[in-house]
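Listed below, chain by chain, are the residues.
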Amino acid sequence: MTVLKQALPVTPQLDGLVTGIRSEVDRGGDWRRTAERVAGALRRDLPRPEALAGDLANGQDGPRSRLLHVEPDGTFSIQAIVWPAGRITPVHDHVSWCVFGVIQGALDEELFTLADGGDVLVPAGRVTNTTGAVTGFAPPGDLHRVANPGDRTAISIHVYGTDLSRLGSSALRYYDLPVRP
């Protein structure tokens, strides 16, 4: 996947979202509660695909992500991800809390837990997030795999409680383990 690490200037279409997220993050608290509050801010100001730059919004260039905003103090980042039909991530967890909203298409999310001393993945749930859906979570308990099951491009907006321009990725670990039926 092409990852563009340079954050773009905040466009007027994203001003309200950035302001809302900043307000929720500034309230402090544990990661789970912060993720819940940021999910509320994303629901209120979930952008439309047209708010993204044309090359990202049209999704014609294959899998891509673009960093849309990094808070100056590094407390959160906003990233757009384009998901071509059939794209799937490896099972992974995260370095911080995460919230995402689907702005086009649908994304399947498979949730997992670890068993047998961390040697086996156990399915813990599955949800299909359609356009407009927003979900959030925080470690521990953030082990998942995301896929675009549809036949058209999906686009999502992700908010992470970290500075992605510094880290480059929100993933803490990738898990290539057997899945218990």
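Coordinates for the structure precede this section.
Quick summary incoming for the structure in this document.

**Describing the pairing of strand E5 (residues 98-104)**
Taken across its seven residues, E5 has seven buried, putting it largely inside the fold. Looking at chain direction, E5 and strand E8 (residues 134-137) are connected through four bridges and run antiparallel. In the strand pairing of E8, Val99 is matched with Gly136. In this sheet, strand E10 (residues 154-160) lies alongside E5 in antiparallel orientation, the contact comprising six bridges. Following the sheet pairing, Phe100 is matched in E10 by His158.

**As for the nonpolar core**
Ile21, Phe76, Ile78, Trp97, Val99, Ile157 and Val159 are the most contacted members of the largest nonpolar core, which totals 24 residues. Counting only elements with at least two residues in this core, the list comes to helix H1 (12-26), helix H2 (31-44), strand E3 (77-83), E5 and E10. Here Ile21 is in contact with Val38, Ala41, Phe76, Ile78 and Val159, once residues within four sequence places are set aside. Formed by 13 residues, the second largest nonpolar core is a distinct cluster that contains Ile81, Trp83, Phe100 and Ala154.

Cut-offs used in this document
Residues numbered from 1 in each chain as written. Predicted model: local features only at pLDDT ≥ 70, side-chain atom pairs only at ≥ 80, totals over all residues. Heavy atoms only, no water. Buried < 20%, exposed > 50% of the residue type's maximum accessible area, 1.4 Å probe, protein only. Helix = DSSP H or I, 4+ residues; strand = E, 2+ residues; numbered from the N terminus. Pairing = 2+ DSSP bridges. Core = buried A, V, L, I, M, F, W, Y, C linked by side-chain atoms within 4.5 Å. Contact = heavy atoms within 4.5 Å.

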